[in-house]
Amino acid sequence: MGDLVRLSVEDGVGVVTVENPPVNALSPGVPEGILDGVQRFGSDENVRAIVLIGGGRTFIAGADIKEFGKITSGEKRRGPGLISVIEALENSSKPVVAAIHGTAFGGGLETAQGCHYRVALRSAQVGQPEVKLGIIPGAHGTQRLPRLAGLSKALEMCALGDPVSAADAADHGIVDRLIDGSGYTELLAGAVSFAAEKAAAGGPHPKASELTDNLPTPDEAAPVFAAARELAKAKRRGFMAPLKAIDAVECAVTLPFSEGIKREAEIFQECLFSTQSKALIHAFFSERRVRKVPDVPKETATREIRSAAVIGAGTMGGGIAMAYANAGIPVRLKEVTQEALDCGYATIRKNYERSVRRGRFTPEYVQQRLALITPQTGWDGFEAADIIVEAVFENMALKKAVFGDIDRLARPGAILASNTSTLSIDEIASSTSRPQDVIGHHFFSPANVMRLLEIVRGAATSKDVVATSMALARRLRKVGVLVGNCHGFVGNRMFHPYRREAQFLAEEGARPAEVDRVLYEFGAAMGPMAVGDLAGLDVGMRVRKEAPHLYPPGTRRPLAEDALCEMGRYGQKTKAGWYRYGQDRSRHEDPEVDAMLKRVAAEAGIEQREISDQEILDRVVYALVNEGARILEEGFALRASDIDIIYLYGYGFPAFRGGPMFYADTVGLGKVLARVEEFHSQHGHWWRPASLLKELAENRGTFSEWDRSR
Ligand code: T1G
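Residues numbered from 1 in each chain as written. Predicted model: local features only at pLDDT ≥ 70, side-chain atom pairs only at ≥ 80, totals over all residues. Heavy atoms only, no water.

(A) The arrangement of the packing of helix H4 (residues 107–114) against helix H5 (residues 141–149) in detail. Relative orientation of the contacting elements H4 and H5 amounts to 55 degrees, with a least axis distance of 10 Å. Viewed along their axes, H4 and H5 adopt a mutual orientation that is oblique. Judged by the twist between their axes, the crossing of H4 over H5 is left-handed. Residue-level contacts link Glu 110, Gln 113 and Gly 114 of H4 to Gly 141, Arg 144, Leu 145 and Leu 148 of H5. Across the contact of H4 with H5, the residue classes tally to two nonpolar, three polar and two charged. (Axes fitted to C-alpha atoms, helices over the stretch in contact; angles between N-to-C directions. Helix = DSSP H or I, 4+ residues; strand = E, 2+ residues; numbered from the N terminus. Parallel < 35°, antiparallel > 145°, perpendicular 65-115°, else oblique. Left-handed = near helix turned anticlockwise from the far one by under 90°. Contact = heavy atoms within 4.5 Å. Nonpolar A, V, L, I, M, F, W, Y, C, P; charged D, E, K, R; others polar.)

(B) Local environment of the environment of Leu 4. Along the polypeptide, Leu 4 turns up in the segment before strand S1 (5–10). Discounting residues that sit within four places of it in the chain, Leu 4 has contacts with Thr 17, Val 18, Glu 19, Asn 20, Pro 28, Gly 29 and Val 30.

(C) Structural context of the site of the ligand. The immediate surroundings of the ligand are formed by 30 residues, with Arg 57, Ala 63, Glu 110, Gly 138 and Arg 288 found nearest. Between Ala 61 and the ligand, the recorded distance is 2.9 Å, taken from a backbone N or O atom to a nitrogen atom. With respect to the ligand, the backbone of Ala 63 contributes an N or O atom lying 2.8 Å from an oxygen atom. Isolated, the ligand exposes 1000 Å² of accessible area, and the fraction of that covered by the protein chains is 79%. Within the residue set of the shell around the ligand, elements represented by two or more residues are helix H2 (66–72), strand S5 (103–105), H4 and helix H12 (275–289). Looking at the shell around the ligand element by element, the count peaks at three residues for H12. Looking at the shell around the ligand, its residues break down into 16 nonpolar, five polar and nine charged. (Near = heavy atom within 4 Å. Polar contact = N/O pair within 3.5 Å; in protein donor to acceptor, adjacent residues only side chain to side chain. Areas by Shrake-Rupley, 256 points an atom, 1.4 Å probe, with all protein chains shown as cover.)

(D) Just the domain arrangement of the protein chain, in detail. By the assigned domains, the protein chain splits into domain 1 (5–273), domain 2 (308–483), domain 3 (487–611) and domain 4 (613–710). For domain 2 versus domain 3, the separation of C-alpha centres amounts to 30 Å. On the domain 3 side, the residues contacting the 11 residues of domain 2 number eight residues. When domain 2 packs against domain 3, close to 760 Å² is buried across both sides, 61% of that on carbon and sulfur atoms. Taken together, the links from domain 2 to domain 3 amount to zero salt bridges. (Domains from an automatic or database assignment. Buried area = accessible area lost by both parts, 1.4 Å probe. Salt bridge = Lys/Arg side-chain N within 4 Å of Asp/Glu carboxyl O.)

(E) How the structure looks around helix H19 (residues 491–507). The terminal C-alpha atoms of H19, which comprises 17 residues, lie 24 Å apart, in line with the 24 Å expected from a rise of 1.5 Å per residue. With 15 of 17 residues buried, H19 lies mostly within the body of the structure. Note on H19: the residue one or two positions beyond its end, Gly 509, has a positive phi of about 125 degrees. (Expected span 1.5 Å × (residues − 1). Buried < 20%, exposed > 50% of the residue type's maximum accessible area, 1.4 Å probe, protein only.)

(F) Structural view of the sheet that holds strand S8 (residues 164–165). Strand order in the open sheet formed by three strands is S5-S7-S8, with mixed pairing between adjacent strands. In this open sheet, the two strands that pair with only one neighbour each are S5 and S8. Where S5 and strand S7 (residues 125–127) come together, three bridges link them in parallel fashion. Within S7, the residue paired with Ala 104 across the bridge is Val 126. (Pairing = 2+ DSSP bridges.)

(G) How the structure looks around the nonpolar core. Ile 388, Leu 519, Trp 578, Leu 632, Leu 693 and Phe 703 are the most contacted members of the largest nonpolar core, which totals 98 residues. If one sorts the elements of this core by residue count, helix H25 (residues 613–634) sits on top with 11 residues. (Core = buried A, V, L, I, M, F, W, Y, C linked by side-chain atoms within 4.5 Å.)

(H) Here's a closer look at the sheet that holds strand S16 (residues 452–456). Taken in spatial order, the eight strands line up as S12-S11-S10-S13-S14-S15-S16-S17 in an open sheet, and their pairing is mixed. The two strands at the open ends of the sheet, each matched to only one other strand, are strand S12 (373–376) and strand S17 (479–483). The average undirected angle you get between the axes of adjacent strands in this sheet is 25 degrees. As paired elements, S16 and S17 share five bridges and run parallel to each other. Bridging across to S17, Leu 452 finds its partner in Val 479. The strands touched by helix H14 (residues 338–357) within the sheet are strand S11 (331–334) and S12, with S12 carrying the most contacts at an inclination of about 155 degrees. Packing against the sheet, helix H16 (residues 396–409) makes contact with strand S10 (308–311), strand S13 (387–390), strand S14 (415–418) and strand S15 (438–443), and its axis sits at approximately 165 degrees to S14.

This is the structure in structure tokens:
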């Protein structure tokens, strides 16, 4: 059937191979091709069994997500396609075996569940990640998986969406045999011989839809569902699909299969058309779109990165060294004094030990990683490093001095990267003889955990250094986003007005804890005050002092956090900031802060008033959107969706809202502009509407359309 599905026969076993790179998604033509294969082999007397396998690097990784937009926009109907295929597989009179390598995800795993048996390479993973797209398994996975794997495993997989190893799948009856070997050839041979065995043994062959042994009674299951709902609310706060997936799985216990699949279909449809699903699918494709840099083609040659060196063993430098070690890249870690080096290295060890305690890493893994990190106070080995990352104190003079040093030491062609979070890459590059090799690699703390990496392109940065940085981000398991060299780049430049407005709201009478509650309920991981306390209020104070241009004369400047710093309240690190912190880092509102706010507001003549939750939300979130629009019109970000990814991966913006720019699209840019203009009339300068926002709003446009027009 076409070139998406290939049919062959091995030792009397019909092999149906899906050939739809890169992930064998169930794009139009693939279900039809599989169905054709099952029907042909079913009527071929020379074929005694059937194997379904994925060509290339993986089994079927799910439905083609690109098709969902066509369904929700009415462009096409969601056909019975995949479901007919799964029913044909399950009703085949000949044994059907799914041969799994890579990832059998979503509709891929549901197709495999329609087969009578499943075999897998040990390196394979299976999963129902649909909830990460705001939907639920829609091809009977919520009904078959409980019957195959039992209720608890099915609930965990369908509600949380995380992948499961082949071994774990085998332990739970999802996989019938693990195939030894590392590749496709061994898998195919193993699957063919397994299928031949089953054919020789004769039927009937097990149909997951008819299994009942693993299903508890509704009474037995009730506490399991209650616990699953509590867990989903805790681990996926604000997400709708996990709870909907649990509702669907519950039908496997309370309804016969034929009724359960109808209920699943209704719930699937409801989720597919939800704003959360559109936001999460936007996030899925946006995370992959960031890799595309218009003037740096995919085939741009990259420089080989075999070893690295990091200067500065503080929180950031230590985390960066860990990120390199975790990617298997040997890394030197330099500090000025032995004492500072020992302190930094001790922190690295502590971080690894915590990961072992949490079961994230094994002791052997940690030993291998530590062996890749060379702590030192001298420069030895720097001349051989392929990349040198500067992670010293956020002070321009110091950074320029360091870059002068490494310019003299580094070999020709080495990449010189700064981890600066706001300072000009061009100015830093000017202290070297090789500005074309200089680039910003802005990690987010903790650098060994946070996935965002802002890659800051200087005016002179060469294209192959950009391409190498984008590829290196993936090796470091980071989401690398290319940004321009403005003050604060993209993330921090937007975060500045976000936190400025939060301070203004507190000075105007909103309780700090109320501001945080509103943003927490919106879905943010933490509210702006709590984030300030976490990062350190003195950081912002230093920025305001070192960059007076941020607050031109006559513009309102925030007063509260300077006042808190003068009180010695820097945040968590001083056990007091916006909140007072207990020994267990618990947050407590503090009357001293309320008194300070009243004093500061009185001195500044700021009128106190009741402030609604809606104003709190709109003031801080639209501050992000307005600044983001300015960044786009100035050309410091390639796409609005890049800004969304920066906020999802670097600032805890709720993924089910898609990011600040996508969220603004869902509100409607006309409404957003009206609010911005209202704030502009009330609060002046800072709320001047960005021209791109005005232009799009006045033309009923969206940021997403603007991206597509580029
Ligand atoms: N549909 C369409 N395109 C997909 C895709 C998919 N399911 N998965 C990946 N791609 C594209 C991706 O956009 C990128 O494109 C390229 O493939 C490589 O992806 C019926 C309804 C499989 C673990 O959620 O988790 O089934 O940028 O960079 O890092 O109930 O892709 O190159 O143009 O991510 O090696 C359920 C989603 C769907 C799996 C591979 N399945 N994909 O990771 O490659 S809903 C999923 C992934 C469903 C059923 C329901 C990962 C991966 P481009 P990549 P990778």
